[in-house]
Amino acid sequence: MDVSHLIDGLNAAQREAVSAAPGHLLVLAGAGSGKTRVLTQRVAWLVEVEGVWPHAILAVTFTNKAAAEMRGRCERLLNRPTQGLWIGTFHGLAHRLLRLHWREAGLLETFQILDADDQQRLIKRVISEQGLDDTRFVARQGTWMINAWKDEGKRPRDIDPGDNPDLARWIEVYQGYEASCQRQGLVDFAELLLRSHELWLTQPALLDHYRRRFSHLLVDEFQDTNTIQYAWIRMLAGSSAQVFAVGDDDQSIYSWRGARVANMQAYTRDFPNVSTIRLEQNYRSTGTILAAANAVIKRNSERLGKELWTAAGNGEPISIYAAYNEQDEARYVVERIRRAVAEDIRPSEIAILYRANALSRVFEEELIRHGVAYRVYGGLRFFERAEIKDALAYLRLLANPADDAAFERVVATPPRGVGDKTLEDLRQAARSGGVSLLQTAAEASREGTLKGRARGGIEALLSLFASLRESADGDESPRLYERLEGLIEGSGLRAHYAAQSKHDADSRVDNLDELISMARGFVLSADDEAAGISEMAAFLSYAALESGEGQGEAWDDCVQLMTLHAAKGLEFPCVFMVGMEDGLFPSQRAIDEGGSAQLEEERRLAYVGITRARRQLTLSHAESRRLRGMETWNRPSRFISELPRNTIVEVRPRAQLSRGGNFGQPRKQPTQDWGDEPGIALGSQVSHAQFGEGVVVAAEGQGDHARVQVNFEDVGSKWLVLAYANLVVLG
DNA sequence: TCTCTTACGTTTTTT
DNA sequence: ACGTAAGAGA
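The shown structure was predicted, so the numbers you read here are calculated from the model rather than taken from an experiment. (Residues numbered from 1 in each chain as written. Chains lettered and ligands numbered in written order. Predicted model: local features only at pLDDT ≥ 70, side-chain atom pairs only at ≥ 80, totals over all residues. Heavy atoms only, no water.)

It is worth spelling out the environment of S360 at this point. Along the chain, S360 falls in helix α15 (residues 360-369). For the pair S360 and T563, spaced 203 residues apart in sequence, the C-alpha to C-alpha distance is 8.7 Å. In this structure S360 touches Y354 and L561, once residues within four positions along its chain are discounted. (Helix = DSSP H or I, 4+ residues; strand = E, 2+ residues; numbered from the N terminus. Contact = heavy atoms within 4.5 Å.)

Quick look at the structure:
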């Protein structure tokens, strides 16, 4: 058989991985080393060369985007649809298992997926139902703990509160939350995994079935697996399946949400004869960029060890820009972008990366000012928008009348005269009767226990549902989008948001229309159809599992703005890492508490950032920065000083010095301390609100840019922008 | 019950 | 600075 198309163009290590003999394999794939290619060609190799039935292969990733890309590439390689081949995210595959075996898993057939928002709302409800003080028991924290427990595979009974009474209460909240989910047929993200793991644990016959079926498991981004995901893989693999794990410990940046790099070591221990292959040749970046990345990551102690190299040349040095403040930083970056675009670099080939979302704003403003098209990643996703969740809540309640979370949403928007009082009565009655809110509302309406406006509102709602259900049962059952359209009109949602948007000026109504057109274009997959899942149920799951706007679609031709986390897996010819300041990146938290583990994770994040760049990399920091309404003064990030000297070039703004004399007109109106003072002379004694007293030793720049170097008694020498520093001249 | 005002808490995020 | 989430008047 001719296997050259699976092997040609690969380097030795890649080829070794793709064509590895049967057995377990750990591929340590450095950034830009062709990981996805190896993974997909391995699948093709298994099918075409080893003669493995596609049916017997399961490939798992973390994001829908990665799964889609893998499926697409496999189909192209194998030249046929990947029928029977399970490719998906951990959550997607777990969800499929639960849909197929809902009865064995102890779920309602109509179970729905609870998103993060609904989850927190529900936990809050449980906290108040248990009569806990919600200032001491904060829902956000509870959500975080419960998710962490689930990620570790722990049920309430597995947690020992010791002699910590708060912890004991939290365990009760967890219990209450579980009971509530169970009653309503709701499953949160972590539950998908935990529940499917338990499904196998408690149903040996089922487990056996899947173990017989899947002889080959492939896992992408192995460094990001958490405890339950690893256990899931291990359980499915048993002692027969071959596991092909690909990961990079240097790119592990999600430990704060339960990811355990240690799973990579555990894998080599828990499975017999795991061979390790390192992919170290990089096809993305210049030699300079790789030298910088290698030097930075080398400072971490907990590493499996790996050093990237390239056959390409060194390329340009890395630029470091020391800005006066965040405005100056934005000005510089956008100026550079405009210059690059003028030199025929496409805007979509340029990325601005930052540690925290809050940093994006200045850059957006500056980009707008210069009419540069840009796109910000992150933030609210389509299916998380309030108006979309409202519309979907109607659908959810239609699909699963026990879904109280959906009922609460539905009853509150649009306002229909049903307020806290009525709702609390309904909850009481529902709890004591052990039935759903919807059912309780129907009973209350029948018995006439509702009064005033509330009665009209509830009755209108009930009749809306009756008519929606009736039309579904008719001979000509409406398509999903028609039902959605009907409910958006009939409920008054559209009118409600239309009325709101008059002053909001945003396009909530347009989003509702977009949702309808998404429903119109929605196609039930063959897998779902085979599993007997309705169009509506499938659409709702899709909405929950694929949060909308496929991450990484470089829309039009826009400059890309995103966090360093969001940039993982992407690459850009031209990258700006901004806000490179101690306290921001590495974050203050990592500096203060973490000890070295957190700092090492920040360093890996820096490594991820650096390795996103193909040709041009620029790092910038600002001496002063307005953040959260407060002026802060940060030192350049320690990661900048970890770059080898020969890889960087420091860009300085052209300084217009006026030495010796007076300089630096305060910006805007002079401050009180300043009065009509002509300026500050070298050698002046000055005082700063934060740094204390010091002597002016140098100065440069004019107007907004005027800066002085002050030697402070306590904190040493610093450059300060006069317009912002509010220095008081002493004596 | 709805709407307006005040207080709070602010890494990173997928599913 | 800013957006959300809980509390007070209409």
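Our next topic: the sheet that holds strand β8 (residues 275-279). Taken in spatial order, the 6 strands line up as β3-β2-β6-β7-β1-β8 in an open sheet, and their pairing is parallel. The sheet is open, and its two edges are formed by β3 (86-89) and β8, each paired on a single side. Direction aside, neighbouring strands of the sheet carry axes that sit 15° apart on average. In the sheet, strand β1 (residues 25-29) pairs with strand β7 (residues 242-247) via 4 bridges, with the strands oriented parallel. Bridge assignment links V27 to a residue of β7, and that residue is V246. Contacting β1 and β7, helix α12 (residues 262-270) runs over the sheet at an angle of about 155° to β1. (Pairing = 2+ DSSP bridges. Axes fitted to C-alpha atoms, helices over the stretch in contact; angles between N-to-C directions.)

By nearness alone, every residue bordering DNA strand C is listed as K124, R628 and G629. Near-protein atoms of DNA strand C (within 4 Å) split between backbone and bases, with sugar and phosphate holding 50%. (Near = heavy atom within 4 Å.)

Interhelical geometry of helix α16 (residues 386-399) versus helix α21 (residues 480-490) gives an angle of 115° and a closest axis separation of 10 Å. Read as a crossing pair, α16 and α21 show a hand that is right-handed. Along the contact surface, α16 presents A391, Y394, L395 and L398, while α21 presents L480, R483, L484, L487 and I488. When the residues that make up the contact of α16 with α21 are grouped by side-chain class, the tally is 8 nonpolar, no polar and 1 charged. (Left-handed = near helix turned anticlockwise from the far one by under 90°. Nonpolar A, V, L, I, M, F, W, Y, C, P; charged D, E, K, R; others polar.)

Attention now moves to the pattern of salt bridges. In total, this model carries 52 salt bridges according to the counting rule given. In this structure, the salt-bridge partner of R136 is D166, at a minimum N-O distance of 3.3 Å. Taken as a pair, R136 in the loop between α6 (116-129) and α7 (139-151) and D166 in helix α8 (residues 165-184) lie far apart in primary sequence, 30 residues in all. The exposure class of D166 is partly exposed, given its relative accessible area of 28%. Across the salt bridge formed by R614 and E571, the nearest N and O atoms sit 2.5 Å from each other. Taken as a pair, R614 in strand β14 (residues 613-627) and E571 in the loop between α26 (564-567) and β13 (572-577) lie far apart in primary sequence, 43 residues in all. Exposure remark for R614: the relative accessible area of 32% places this residue in the partly exposed category. Each of D115, D117, D118, R121, K389, R396 and D403 takes part in salt bridges that share partners, so that together they form one network. (Salt bridge = Lys/Arg side-chain N within 4 Å of Asp/Glu carboxyl O. Buried < 20%, exposed > 50% of the residue type's maximum accessible area, 1.4 Å probe, protein only.)

So, about the layout of surface pockets. Each pocket or cavity is described by its volume, and for the second largest pocket that value is around 790 Å³. Lining the second largest pocket we find 30 residues, and of these R71, R96, S525, D528 and E546 sit closest to its centre. Split into classes, the residues belonging to the lining of the second largest pocket amount to 13 nonpolar, 10 polar and 7 charged. Two domains each put at least three residues into the lining of the second largest pocket: domain 1 (4-103 + 192-281) and domain 4 (382-547). (1 Å grid on protein atoms, 1.4 Å probe; cavity = no way out; pocket = protein on both sides within 12 Å on 5 of 7 lines; lining within 4 Å. Points joined across faces, edges and corners; volume = space filled by probe spheres on them. Domains from an automatic or database assignment.)

Before going further, it helps to examine the confidence of the model for chain A. On average, residues of chain A score 86 in pLDDT, and 90% of them reach the 70 mark or higher. Here strand β20 (residues 716-721) is the element of chain A with the lowest mean pLDDT, 68, and strand β6 (residues 216-219) is the one with the highest, 97. With pLDDT under 50 throughout, residues 654-678 is counted as low confidence; its partners more than four residues away or in other chains account for 34 contacts. (pLDDT = per-residue confidence, 0-100.)

Segmentation of chain A into domains returns domain 1 (4-103 + 192-281), domain 2 (112-184), domain 3 (318-380 + 554-652), domain 4 (382-547) and domain 5 (685-729). Centre-to-centre, using C-alpha coordinates, domain 2 lies 26 Å away from domain 4. Taken residue by residue, the interface counts 11 residues in domain 2 and 17 residues in domain 4. Here domain 2 and domain 4 share an interface that buries about 1300 Å² over both sides, 43% of which is from carbon and sulfur atoms. Taken as a group, Q112, I113 and Q184 account for 49% of the area that domain 2 buries against domain 4, more than any other trio of residues on that side. Summed over the shared surface of domain 2 and domain 4, the result is 6 salt bridges. Of all the secondary structure elements, the ones that give two or more residues to the side of domain 2 that touches domain 4 are β4 (112-114), α6 and α8. (Buried area = accessible area lost by both parts, 1.4 Å probe.)

We now examine the side chain of K306. Along the chain, the position of K306 falls in the loop between α13 (287-297) and β9 (318-325). Taking relative accessible area as the criterion, K306 reaches 10% and is therefore assigned buried. Side chain to side chain, K306 and D248 meet in a polar contact 2.9 Å long. There is a polar contact of 3.1 Å between the side chain of K306 and the side chain of D250. What K306 contacts, discounting residues up to four positions off in sequence, is L28, G30, D248, D249, D250, L279, E280 and Y607. (Polar contact = N/O pair within 3.5 Å; in protein donor to acceptor, adjacent residues only side chain to side chain.)

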